[in-house]
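Single-letter residue listing:
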Amino acid sequence: MEYLYILREALVWIVTIFWLYQLLISVCSLVKLKDKPLKVKKDHRFMAIIPAHNEEAVVANLIESLKNQNYNKDLYDIYVIADNCTDRTAQIARNAGAIVYERFDPDKKTKGYALDWFLQQKIKEDAPYDALCVFDADNIVDKDFIKNMNKKLCQGEDVVQGYRDIKNPSDNWITAGYALFYWTMHRFYHLARYNVGLSPLLNGTGFMVRFDVIKPKGWKTVTLTEDIEFSLQRIIEGKKLGWATDAIVYDEQPTGFKQSWSQRSRWTVGHIQCIKEYTKKLAKAVKEHRTMMNLDGFFYIIGSIPMFIITLILLAANFLMYAGNAITKVDLLLNILNFLIPTFLFPIATALFVMWLDKRPIKPMIKGILCYPLFMGSWLLINFKCLFKRNTSWEKINHVRSIKINEMPSAQENKVETEKELI
């Protein structure tokens, strides 16, 4: 029992130090540093790339929002990769004004494969673009997205994640859970790290990559979370990613629990794949580069599933110690509360704080806020399930909501302004 006590205390220290570090970094999101100076003044040429699989219901709205960008229309082209489509996605995209590439490979269906297939062709053509922006077909894009990404290129940024907002945050408790999670991560993870000189991560959609970064080898990812994988590859090379609060893309979230469970399971499996592929490489990069950015990247990879496993072991140790009369029932309950309160109640307080900072209306989100512990709790169940049973196949999330860019609230301007203030 003495060894169990030592194990428990060691794990408590590991968990405590890890979360104190995360809290310290998060505080940096409350300080707006001076904007980076421009290194060049240029209007760059862009590719807007849309990988799409059976997205006939939504792809035209995205193309429309891209065609209406506040940017020289001669300096960007809109490409749709109709990937293994069996519907009218390709035809609708062409009619909407996009350049369509059709791809058929039933054995390689993920976005990563589609991007590499398309980009390899553009690399061989030596296509005259400076950068590419990647979107999901269900997105709609703020009119200043490309203009603000161009500014990041002029500041010397190579890879930049835009602000991934939500089309349908108040549809139900599931979409609200996604929204609260993303809003919190955007400020307290990505913005915080960008402010302090660490590296944010790509977030699936609405990101920009300088074409020169891709040209040497294309888009080479093999996991189900190609965005995280590409981010980790950059961090291992000692290169920071950028963050653009004012380059806004709106993303549709699934309204059904079954689809949400499937999507988040895929993300969890993708994280596990990244852990297997990149933990050793990240640790080696920490030793080689000796930068805080590399250490922070290493903390990210051990902060998902490994930290979840440590927490499970810690809970099991407490129950074993109680069973062996090493701790009292009161001690056991206090230790369980030390897990439950940060896991289920702290996220509500954090989400409310973020909404207050971003000047978002709380009333439409009340039901979602109250159900947020249920959303986060279901994610814990997903993580636990994926430890033992992993479906590594890609499953399509159906998008059927036809929301146009002019239907989104103009309150986003207020959100951007609050992040320009010194809190």
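Some details on the pairing of strand S2 (residues 76–83)
Of all the eight residues making up S2, seven are buried; the element is thus mostly covered by neighbouring parts of the structure. Two strands pair when backbone bridges link them, and strand S1 (residues 46–52) and S2 are joined in this way by seven bridges, in the parallel orientation. If you follow Met-47 over to S2, its bridge partner there is Asp-77. The parallel pair S1 and S2 is bridged by helix H2 (residues 59–67), and the resulting crossover is right-handed. Relative to strand S3 (residues 99–103), S2 is paired through five bridges, and the arrangement is parallel. Bridge pairing links Ala-82 to Glu-102 in S3. Handedness of the crossover joining S2 and S3 through helix H3 (residues 89–96) is recorded here as right-handed.

Describing the pattern of salt bridges
If you walk through the whole model with that rule in mind, you get 24 salt bridges. A salt bridge links Arg-210 to Asp-158; the nearest nitrogen and oxygen atoms lie 2.8 Å apart. Linking Arg-210 in strand S7 (residues 207–210) with Asp-158 in the loop between helix H5 (145–154) and strand S6 (159–166), this pair joins segments that are 52 residues apart in sequence. Residue class for Arg-210 comes out buried when judged on its relative accessible area of 19%. The exposure class assigned to Asp-158 is partly exposed, which follows from its relative accessible area of 27%. Residue Asp-358 pairs with Arg-360 through a salt bridge whose shortest N-O separation is 3.9 Å. Classification of Asp-358 as buried rests on a relative accessible area of 1%. Three or more residues are tied together by salt bridges with common partners; here these are Asp-165, Arg-187, Asp-358 and Arg-360.

Thoughts on the sheet that holds strand S5 (residues 140–141)
Sheet strands pair by backbone hydrogen bonding; their relative direction is either parallel or antiparallel. With respect to topology, eight strands assemble into an open sheet ordered S3-S2-S1-S4-S7-S6-S8-S5, the strand pairing being mixed. Of all the strands in the sheet, the pair left with one neighbour each is S3 and S5. Pairing geometry for S5 and strand S8 (residues 242–251), over two bridges, is antiparallel. Counterpart to Ile-140 in the pairing with S8 is Tyr-250. Contacts from H3 reach S1, S2 and S3, with the element oriented near 165 degrees to S3.

Quick notes on the confidence of the model for the protein
For residues with low pLDDT, the predicted coordinates do not support detailed interpretation. Taken as a whole, the protein shows an average pLDDT of 91; of its residues, 92% reach a score of 70 or greater. Counted against residues more than four places away or in other chains, residues 411–423, with its pLDDT under 50, gives 31 contacts.

Procedures and definitions
Residues numbered from 1 in each chain as written. Predicted model: local features only at pLDDT ≥ 70, side-chain atom pairs only at ≥ 80, totals over all residues. Heavy atoms only, no water. Buried < 20%, exposed > 50% of the residue type's maximum accessible area, 1.4 Å probe, protein only. Helix = DSSP H or I, 4+ residues; strand = E, 2+ residues; numbered from the N terminus. Pairing = 2+ DSSP bridges. Right-handed = clockwise from strand over helix to strand, strands pointing away. Salt bridge = Lys/Arg side-chain N within 4 Å of Asp/Glu carboxyl O. Contact = heavy atoms within 4.5 Å. Axes fitted to C-alpha atoms, helices over the stretch in contact; angles between N-to-C directions. pLDDT = per-residue confidence, 0-100.

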